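In case you want the letters, here they are:
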Amino acid sequence: MTLATESAVPATTDGFPVLGMDAVVFAVGNARQAAHFYTTAFGFSVVAYAGPETGQRDEATYVMTSGTARFVIRGPVRSGTDLAKHVAAHGDGVSDLAIAVPDVPRAYAYALAHGATGLQAPTEVTDEHGTVVVAAIAAYGDTRHSLVDRSRYTGPYLPGYIAGTTGARSATTASGERLVAAVDHCVCNVELGRMDEWVDFYHRVMGFTNMAEFIGDDIATDYSALMSKVVADGSRLVKFPLNEPAVAKKKSQIDEFLEFYDGPGVQHIALATDDIVATVQAMREAGVQFLETPDSYYDDPELRERIGQVRVPVEVLKQHRILVDRDEEGYLLQIFTRPVQDRPTVFFELIERHGSSGFGKGNFKALFQAIEREQELRGNL
Ligand code: FE2
């Protein structure tokens, strides 16, 4: 895609108002099985479906929700389609970070006027439940941002979808609570030297601004490194950290992603949880694998000094391998899964925030060391 370097229309924060994330759309090889995984291991519930049985000839699509988070799982049922090509090139991954906006034609026009590439002009789709307006613009690699207004729609997802469930039981915590409350942020990996280009893209095209968190050379281990900046809309409802690899002695985890995803794309989705300990426990029992943070992280006397008082005792954090970080606003608890498909690409984060609007900068070094051990096992370090 092309990125305009200059635009006649000045970027403003109110030219592109957003309401939040509409959906994270996954392109996968087997949507039926992926939907089962996100039901039984992540606690999502299938709420809508479209496929060959409903007249959608080329793919099966499962729409799943948990709290305000919506996942859309698309699987091709024949070769040769754009969806099938996406899966063939990238493996299971995220094809679309869909954003809810109050006025799709206006947002689309603003985006194109500021250099975005249009993939779908604003389109109204209607059935007996009402009308949804959808458009789409290109993002990094083969990823897109759909722009969605469903304010005049009461159906389960979009026209053409039927309400329904697969019948599988959604995982809960031991006390029966939901695991996932919302999508917190969505992180992308782009090529070396292109992070600032994409930061500028979100500034120009969506009027996003930088959040304070910035990862530079100071957060590099001897072996692995990345640079990271975070862009977000004015109300901080949509948050996109952007990573690029930094030059290091050994292969960066971002380079590994770019190689195995075959280009830039979504690296991880962070899911907000009300009780990270209970959620991790339930997900582990369902077979989800998390990164193993070393004992040394918890035994380090500097950790207790750095984090102060948090709601979970350090011994419990250690037992579950949950990370903790604090800034001037408060603290957060977080943990990262291993990649959830065969390729070492997309993974998830669970995050429980207590005042902090950061992303765990203080944990990057400890996290890198854990990731590197995994890379080494795969022979990719
Ligand atoms: Fe994250």
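Just above, that's the structure.
Residues numbered from 1 in each chain as written. Predicted model: local features only at pLDDT ≥ 70, side-chain atom pairs only at ≥ 80, totals over all residues. Heavy atoms only, no water.

Undergrad: Explain the packing of aromatic side chains here, please?
TA: Given two aromatic rings, one states the distance between the centres and the angle between the planes to describe the pair. Tallied over the full model, the rule gives 23 aromatic pairs. Ring centres 4.8 Å apart and planes at 90° place the aromatic pair tyrosine 157 and tyrosine 161 in the edge-to-face group. Neither residue differs from the other here; tyrosine 157 and tyrosine 161 are each classed as buried. Aromatic rings pair up to connect Phe26, Phe37, Tyr38, Phe42, Phe44, Phe71 and Phe348 into one cluster. The residue whose ring lies beneath arginine 353 is phenylalanine 359, and the NZ or CZ to ring-centre distance is 5.4 Å. (Phe/Tyr/Trp six-rings, centres within 6.5 Å; stacked < 30°, edge-to-face > 60°. Buried < 20%, exposed > 50% of the residue type's maximum accessible area, 1.4 Å probe, protein only. Lys NZ or Arg CZ within 6 Å of the ring centre and 35° of its normal.)

Undergrad: Would you mind showing me how to read the pattern of salt bridges here?
TA: Two side chains of opposite charge can pair, provided their charged atoms sit close to one another. Scanning all chains against the criterion turns up 21 salt bridges. Of the charged contacts, one joins glutamate 59 and arginine 74 as a salt bridge, the two residues approaching to 2.6 Å between their closest N and O atoms. Within this pair, whereas glutamate 59 is found in strand E3 (residues 59-66), its partner arginine 74 is found in strand E4 (residues 69-76), the two being separated by 15 residues in sequence. Salt-bridge contacts for aspartate 325 lead to arginine 306; the nearest nitrogen and oxygen are separated by 2.7 Å. Of the two residues, aspartate 325 is situated in strand E15 (residues 323-327) and arginine 306 in helix H8 (residues 301-307); the sequence distance between them amounts to 19 residues. Given the relative accessible area of 9%, aspartate 325 is considered buried. A relative accessible area of 30% means that arginine 306 is categorised as partly exposed. (Salt bridge = Lys/Arg side-chain N within 4 Å of Asp/Glu carboxyl O. Helix = DSSP H or I, 4+ residues; strand = E, 2+ residues; numbered from the N terminus.)

Undergrad: Just checking my understanding: could you explain the coordination of the iron ion for this structure?
TA: Coordination angles at a metal have ideal targets, namely 109.5 degrees for four tetrahedral donors and 90 or 180 degrees for six octahedral donors. Only His185 (NE2), His268 (NE2) and Glu349 (OE) from the protein coordinate the iron ion, and they sit 2.0 to 2.2 Å from it. With a relative accessible area of 7%, histidine 268 lands in the buried category. (Donors = N, O, S within 2.8 Å, 3.2 Å for Na, K, Ca; no water.)

Undergrad: Help me understand the sheet that holds strand E10 (residues 182-189), please; the structure alone is not making it clear to me.
TA: Within a beta sheet, neighbouring strands are joined by backbone hydrogen bonds and run either parallel or antiparallel to one another. Judged by pairing direction, the sheet is mixed, and its eight strands sit side by side in the order E11-E12-E13-E10-E14-E17-E16-E15 without closing on themselves. At either end of the open sheet lies a strand with only one pairing partner, and these are strand E11 (209-215) and E15. Shown here is a sheet whose adjacent strand axes are inclined to one another by a mean of 25°, direction ignored. As defined by bridge partners, strand E16 (residues 330-336) adjoins strand E17 (residues 347-354) across five bridges and the pair is classed as antiparallel. Bridge assignment links glutamine 334 to a residue of E17, and that residue is isoleucine 351. Across the sheet, helix H4 (residues 195-206) touches E11, strand E12 (226-232) and strand E13 (239-245), and the angle it forms with E12 is around 0°. Lying on the sheet, helix H6 (residues 276-285) is in contact with E16 and E17; it crosses E17 at an angle near 160°. (Pairing = 2+ DSSP bridges. Axes fitted to C-alpha atoms, helices over the stretch in contact; angles between N-to-C directions. Contact = heavy atoms within 4.5 Å.)

Undergrad: How should I be thinking about the environment of valine 183 in this particular structure?
TA: Checked against the element boundaries, valine 183 lands in strand E10. Spatially, the C-alpha atoms of valine 183 and serine 66 are 9.4 Å apart, while their sequence positions differ by 117 residues. For valine 183, the residues in contact, after removing those within four places along its chain, are Met21, Val24, Ala69, Phe71, Ile269, Ala270 and Leu271.

Undergrad: Honestly, the environment of alanine 116 in this entry has me stumped. Any pointers?
TA: Mapped onto the secondary structure, alanine 116 falls in the loop between helix H3 (104-113) and strand E6 (118-127). The spatial distance from the C-alpha of alanine 116 to the C-alpha of phenylalanine 26 is 22 Å, given a sequence separation of 90 residues.

Undergrad: So what exactly am I meant to see when it comes to the side chain of arginine 204 here?
TA: One can find arginine 204 in helix H4. A polar contact of 2.4 Å, which involves the side chain of arginine 204, links it to the backbone oxygen of histidine 114. (Polar contact = N/O pair within 3.5 Å; in protein donor to acceptor, adjacent residues only side chain to side chain.)

Undergrad: What exactly am I supposed to notice about the pairing of strand E7 (residues 130-138) here?
TA: The two faces of a sheet get side chains in turn, since along a regular strand they alternate between them. Judged by how many residues are buried, E7 sits mostly within the fold: nine of nine residues are covered. With burial as the criterion, each face of E7 is covered, one bearing Gly130, Val132, Val134, Ala136 and Ala138 and the other bearing Thr131, Val133, Ala135 and Ile137. Here seven bridges tie E6 to E7, and the two strands are oriented antiparallel to one another. What sits directly across from threonine 126, in E7, is threonine 131.

Undergrad: What should I look at first to understand the layout of surface pockets in this one?
TA: A probe matching the size of a water molecule, rolled over the atoms, marks out where space remains unfilled. Its volume calculated, the largest pocket comes out at about 770 Å³. Arg74, Asp96, Gln120, Arg144 and Ser146 are, among the 29 residues lining the largest pocket, the residues nearest its centre. For the lining of the largest pocket, the secondary structure elements donating two or more residues are strand E1 (20-27), E3, E4, helix H2 (82-90), strand E5 (93-100), E6 and strand E8 (144-153). Across the lining of the largest pocket, the residue classes tally to 13 nonpolar, seven polar and nine charged. (1 Å grid on protein atoms, 1.4 Å probe; cavity = no way out; pocket = protein on both sides within 12 Å on 5 of 7 lines; lining within 4 Å. Points joined across faces, edges and corners; volume = space filled by probe spheres on them. Nonpolar A, V, L, I, M, F, W, Y, C, P; charged D, E, K, R; others polar.)

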